[in-house]
Amino acid sequence: MTGPGGTAREVLGAPHPLLSAVAEPVDPTAPEVVAAAADLLATLRRAPATTGLAAPQIGLSLRLIAFDARRHPRSRSWAGELVVANPRLAGAAHWDDGREGCASITGLTADVRRATRITVHGHLPGTGEDVTIEADAIEARCIQHQLDHLDGLLFLDRVPGVLSLHRRLHTCDA
Amino acid sequence: MGLSAVTVLGVDRPGVIAAVTGSLADCGANIQDSTMTLLGGHVAMMLLVSGELDPAELMKRVGAPDLVVTASAIETRRHFCAEGDGLGYVLTVHGPDRPGIISAISAVLAADGGNITGMSTRLTGRLYVLIADVELPKQVDVAALMRRLAAVGSTLDSDITFRPVEPDLL
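Conventions used here
Residues numbered from 1 in each chain as written. Chains lettered and ligands numbered in written order. Predicted model: local features only at pLDDT ≥ 70, side-chain atom pairs only at ≥ 80, totals over all residues. Heavy atoms only, no water. UniProt positions renumbered as here; feature names shortened; annotations may be inferred. Helix = DSSP H or I, 4+ residues; strand = E, 2+ residues; numbered from the N terminus. Rg over C-alpha atoms; globule rule 2.2 N^0.38 Å. Contact = heavy atoms within 4.5 Å. Areas by Shrake-Rupley, 256 points an atom, 1.4 Å probe, with all protein chains shown as cover. 1 Å grid on protein atoms, 1.4 Å probe; cavity = no way out; pocket = protein on both sides within 12 Å on 5 of 7 lines; lining within 4 Å. Points joined across faces, edges and corners; volume = space filled by probe spheres on them. Pairing = 2+ DSSP bridges. Axes fitted to C-alpha atoms, helices over the stretch in contact; angles between N-to-C directions.

If you look chain B up in an unreviewed UniProt entry, it shows as Glycine cleavage system transcriptional antiactivator GcvR from Nonomuraea gerenzanensis.

Per an unreviewed UniProt entry, chain A is named Peptide deformylase-like, and its organism is Nonomuraea gerenzanensis. On record in UniProt, under Sequence similarities (unreviewed entry), the comment for chain A is "Belongs to the polypeptide deformylase family."

Right under this line is the structure:
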């Protein structure tokens with residue numbers, strides 16, 4: 001978890017080139033990484049309809065994700081409000097289709113197949129402590145969406161076909 | 001019993017679909033295949049209808065002051081429900097909007113005999129999105145095609161993904 005004092009930043013919109021770039025691994029104990037994590041969390045807190053954000057979305061090409069699925073109506077369990085450095089997917093099971101949007105893409109959503117149960121390893125910014133997250137339902141979808149951001153992928157890259165693209169009629173899930 | 005292809009274009013409002021389909025039902029036309037979408041606030045419908053009326057009569061029956069309707073006879077339904085012998089792929093393109101994206105991408109696919117069987121494009125803010133279902137002949141060198149698509153994508157500042165359709169047989 002990050003300390004207080006982060007600054008909310010502007011969320012970049014596609015087609016910004018940073019959203020197509022692979023983000024760099026970070027030293028979770030480095031002060032600039034801790035500051036970036038605090039900014040990411042502050043930006044997420046400012047957007048209550050958004051369940052997660054990745055650092056490239058706020059203009060930082062760093063492998064940091066933040067998420068908080070507690071308020072989402074399709075949550076089952078949740079890890080709480082969390083920032084994870086260098087997250088990597090260690091396990092994925094029970095794939096299902098679900099509609100998701102993105103804070104960086106206005107006006108569109110799509111049905112995307114994601115694992116509904118995942119295991120993610122990473123580090124906590126600040127202490128650098130190892131962390132393992134067992135996520136399900138919308139939290140699992142959200143984390144996978146953020147992991148894609150770190151690899152320069154948008155949900156549009158995973159649309160299974162023409163009929164899976166929709167105009168957004170509600171706030172984004174991921 | 002003949003087949004006609006009917007297109008309907010008009011400003012979107014509640015009741016357009018009901019009016020069009022009601023007109024067709026009243027004259028005994030049976031809607032076999034159809035698709036409808038909104039394009040910039042306009043409703044666009046394409047219908048394949050069967051019935052005894054010729055296309056000119058269908059246009060009269062469906063026509064309304066605020067709708068542009070066309071109808072034409074279709075002699076046969078080629079490849080209807082035929083098992084395709086190609087391989088299915090999904091193409092996605094996203095990047096800044098500019099003229100010529102569809103033509104550039106579709107030309108690359110056509111050069112290899114690729115058939116676009118469905119396509120949707122959306123402009124949302126500055127972001128242009130294209131999703132296409134593509135059928136490729138089996139003999140196509142897919143890796144080489146992907147390199148050509150990537151090269152075209154880079155000239156358009158667009159990101160392109162091209163991947164096999166996931167099988168949906170359970």
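Enquirer: When you look at the overall build of chain A in this model, what are you seeing that I'm missing?
Expert: Per the secondary structure count, chain A includes two helices and six strands. Reading chain A from its N end, one meets helices and strands in the order α-β-β-β-β-β-α-β. Its C-alpha radius of gyration of 15 Å places chain A within 12% of the 16 Å reference for a compact globule of 174 residues. A principal-axis box enclosing the C-alpha atoms of chain A has dimensions of 45 × 30 × 25 Å. Sequence separation of 24 or more characterises 69% of the internal contacts of chain A that already satisfy a separation of 6 or more. Of the roughly 7200 Å² that chain A leaves accessible, carbon and sulfur atoms contribute 53%.

Enquirer: How should empty space enclosed by the protein be read in this particular structure?
Expert: Over the atoms rolls a probe the size of a water molecule, and its path tells where empty space is left. All names here are of chain B. Under the criterion given, the structure shown has two cavities of 30 Å³ or more. If you add up the space inside the largest cavity, you get close to 40 Å³. The wall of the largest cavity is formed by G2, S4, A29, V49, S50, G51, L53 and L58. For the lining of the largest cavity, the secondary-structure elements that each account for two or more residues are β1 (2-11) and β3 (42-51). Among the elements that make up the lining of the largest cavity, the one with the highest residue count is β3 (three residues).

Enquirer: What's the story with the sheet that holds strand β8 (residues 159-164) of chain B in this structure? I'm lost.
Expert: Residue and element names in this part refer to chain B. On the basis of which strands lie adjacent, the open sheet formed by four strands has the order β6-β7-β5-β8 and antiparallel pairing. Of all strands in the sheet, those with a lone pairing partner are β6 (115-124) and β8, marking the two edges. Direction aside, the axes of adjacent strands within the sheet are offset by 10° on average. By the bridge criterion, nine bridges tie β6 to strand β7 (residues 127-136) in an arrangement that is antiparallel. Residue pairing for β7: R122 is matched across the bridge by V129. Contacts from helix α3 (residues 101-111) reach β5 (87-96), β6, β7 and β8 within the one sheet, and its direction differs from that of β5 by about 150°. Strands β5, β7 and β8 of the sheet are contacted by helix α4 (residues 142-155), whose axis makes an angle of about 160° with β8.

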